[in-house]
Amino acid sequence: MEAAVSSDVDNEFELAVYIILFNSSSSFHSDHQSILFHMSKPDMMNNNCHGWAARDESGVLSPYTFTRREVGNEDVSIKITHCGICFADILFTKNSLGNSRYPLVPGHEIVGIVKEVGSIVHQFKVGDRVGVGSYVNSCRECDSCKQNLEIYCSKGSVYTSNGVDFDGTITNGGYSSFIVVHEGYCFRIPDEYPLALAAPLLCPGITVYSPMLRHKMNQPGKSLGVIGVGGVGHLAVKFGKAFGLNVTVFSTSISKKEEALSLLGADKFVLSSDEQQMKEMTDSLDFIIDTASGNHPIDPYMSLLKTGGVLALVGSPGDEIKLSPASLLRGMKTISGSLAGGVKETREMLDFCAAHKIYPNIEIVPIQYANEAWERLAKGDVRYRFVIDVENSLK
């Protein structure tokens, strides 16, 4: 699968997601270290695991051997076959959030094969194809968790990488040979769905699917605008088409027109810097998904929504949003934010992708290429996601 230069990268989207997750989880881990999350405490730390880790704020990855916990009664041990690369991996390894714990093994778009299950695991068996996303635990007691919105756990979800798990140990991510996770935070990958392609669904995929379902952006015949055509935006286009929507892509780069229309199947392309093109779209859209990074105005897009329209913000338009109240008041319009999704909807999303043959566009690389892949990602030089072939390259 080929890569090409892409200027609509979702880097700041991923920064925003992990800043929010970090802030929400800090109080939980300072006040609730003794909570075992309804899990039996396993025998600790005697399973050697091979991976690649950063040792300091340079963020440079190199081979690293560490230990995983023993498989507890409710745990699943997964042999990792592939792991997607996310810009948040770079942020953590470079200590961009100020809380990196070294050595740090990144990676939260994990897929693989179950190799062992705990004594009371009932959802999975050895040989099953499964995935693990951006978090591996939550309190399971707060309102968010009870509503299947574990990502918004009021006590803080446990990150898959660089998090503090239920037993006080630091979590290590998917740039590694295997991982041990509570069964409640694993997702079955449909048999017919290629594992390498499933990896990006566990971060950018669920990030757009969740708000689209929440705001009923799955009504055939309705119109959807997608701002940005990066790793997240390209999946928003694909979901939109699968839902039967009329999809318009907005980009500041005219070079994205051909790929948006021909490669991704969008119905229309609008150069957002062209005032005339934008004016012609006034009052034409039912929904907008904003996946773009960097500073960009919101008001011009609000004017494109019909009465009662919704703009879902999953990107990060700079440090603050400047929005005229009139943009909301005139036309009963709504602006909403969203992170990734809960366990239940992530499982539904995977089944939906398999049923409708929704596949991310990826470039598969060996783990030895991870540092170079990060450099290319920072430059926007990928269409649209890197995926590490862990199984065949991590020896």
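Preceding this section is the structure that the text describes.
Residues numbered from 1 in each chain as written. Predicted model: local features only at pLDDT ≥ 70, side-chain atom pairs only at ≥ 80, totals over all residues. Heavy atoms only, no water.

(A) Region of the structure containing the overall build of the protein chain. Scanning the protein chain for helices and strands turns up 13 helices and 17 strands. The contacts in the protein chain between residues at least 6 apart in sequence include a share of 72% that link residues at least 24 apart. Of the roughly 15,300 Å² of accessible surface on the protein chain, 50% is carried by carbon and sulfur atoms. (Helix = DSSP H or I, 4+ residues; strand = E, 2+ residues; numbered from the N terminus. Contact = heavy atoms within 4.5 Å. Areas by Shrake-Rupley, 256 points an atom, 1.4 Å probe, with all protein chains shown as cover.)

(B) Expanded view of the pairing of strand β12 (residues 268-271). Relative to β12, strand β11 (residues 246-251) runs parallel, the two sharing four bridges. Directly across from Val249, in β12, lies its bridge partner Phe269. With helix α7 (residues 257-263) bridging β11 and its parallel neighbour β12, the resulting β-α-β unit is right-handed. (Pairing = 2+ DSSP bridges. Right-handed = clockwise from strand over helix to strand, strands pointing away.)

(C) Just the sheet that holds strand β10 (residues 223-227), in detail. Taken in spatial order, the six strands of this open sheet run β12-β11-β10-β13-β14-β15, and their pairing is parallel. A single partner strand is all that each edge strand has here, and the edge strands are β12 and β15 (334-337). The sheet shows a mean angle of 20° between the axes of neighbouring strands, taken without regard to direction. In this fold helix α5 (residues 204-214) packs onto β10, β13 (285-290), β14 (305-313) and β15, with an angle of close to 150° to the strand it touches most, β13. The sheet strands contacting helix α6 (residues 233-242) are β10, β11 and β13, and the helix crosses β10 at an angle near 170°. (Axes fitted to C-alpha atoms, helices over the stretch in contact; angles between N-to-C directions.)

(D) Local environment of the packing of α5 against α6. Running from N to C, α5 and α6 point in directions that differ by 45°, and their axes come no closer than 9 Å. In this view, α5 runs oblique relative to α6, as classed from their interaxial angle. The element α5 and its partner α6 pack so that their crossing is right-handed. Residues Pro204, Gly205, Val208, Tyr209 and Met212 of α5 touch α6, and the partners they reach there are Leu235, Ala236, Phe239 and Gly240. When grouped by side-chain class, the residues that make up the contact of α5 with α6 number seven nonpolar, two polar and no charged. (Parallel < 35°, antiparallel > 145°, perpendicular 65-115°, else oblique. Left-handed = near helix turned anticlockwise from the far one by under 90°. Nonpolar A, V, L, I, M, F, W, Y, C, P; charged D, E, K, R; others polar.)

(E) Here's a closer look at the nonpolar core. Tyr175, Leu224, Phe239 and Ile289 are the most contacted members of the largest nonpolar core, which has 95 residues in total. Of the residues forming this core, the biggest block, six residues, is contributed by helix α11 (residues 343-356). Every residue in contact with Ile289, bar those within four places of it in the chain, is listed here: Val208, Pro211, Met212, Met217, Leu224, Gly225, Val226, Ile227, Ala236, Ala312 and Val314. Within the second largest apolar cluster, 15 residues are counted, among which are Ile227, Met281, Ile288 and Leu311. (Core = buried A, V, L, I, M, F, W, Y, C linked by side-chain atoms within 4.5 Å. Buried < 20%, exposed > 50% of the residue type's maximum accessible area, 1.4 Å probe, protein only.)

(F) Broad picture of the packing of aromatic side chains. Under the counting rule described, the total for this entry stands at twelve aromatic pairs. Residues Tyr209 and Phe239 carry aromatic rings whose centres are separated by 5.4 Å and whose planes lie at 55° to one another, so their mutual orientation is tilted. Placement of the pair is Tyr209 in helix α5 and Phe239 in helix α6, with a sequence separation of 30 residues. Assessed through its relative accessible area of 5%, Tyr209 is described here as buried. Among the residues examined, Phe239 registers a relative accessible area of 0% and is labelled buried. When the centroid spacing of 6.2 Å and the interplanar angle of 40° are considered together, the rings of Tyr209 and Phe243 count as tilted. Here Phe243 lies in the loop between α6 and β11 and Tyr209 lies in helix α5, a separation of 34 residues in the sequence. A connected cluster of aromatic rings, assembled from ring pairs, spans Tyr209, Phe239, Phe243 and Phe352. Sitting over the ring of Phe178, Lys115 keeps its end group 3.8 Å from the ring centre. (Phe/Tyr/Trp six-rings, centres within 6.5 Å; stacked < 30°, edge-to-face > 60°. Lys NZ or Arg CZ within 6 Å of the ring centre and 35° of its normal.)

(G) Local environment of the pattern of salt bridges. Counted according to the given criterion, the structure contains 13 salt bridges. Where Arg69 meets Asp75, a salt bridge forms, and the shortest distance between an N and an O atom there is 3.0 Å. Comparing Arg69 with Asp75 shows no difference in burial state: the two are buried. Close ionic contact of Glu391 with Lys79 constitutes a salt bridge, the shortest N to O distance being 3.4 Å. Of the two residues, Glu391 is situated in helix α13 (residues 390-393) and Lys79 in strand β3 (residues 75-84); the sequence distance between them amounts to 312 residues. Here Lys79 falls in the partly exposed class, since its relative accessible area comes to 39%. Connected through salt bridges with shared partners, the residues Arg69, Asp75 and Asp165 form a single ionic network. (Salt bridge = Lys/Arg side-chain N within 4 Å of Asp/Glu carboxyl O.)

(H) Representation of the side chain of Asn95 in the model. Note on placement: Asn95 falls in the loop between α2 (87-93) and β4 (110-117). Here the side chain of Asn95 touches Asn99 through a polar contact of 3.0 Å, landing on its backbone nitrogen. (Polar contact = N/O pair within 3.5 Å; in protein donor to acceptor, adjacent residues only side chain to side chain.)

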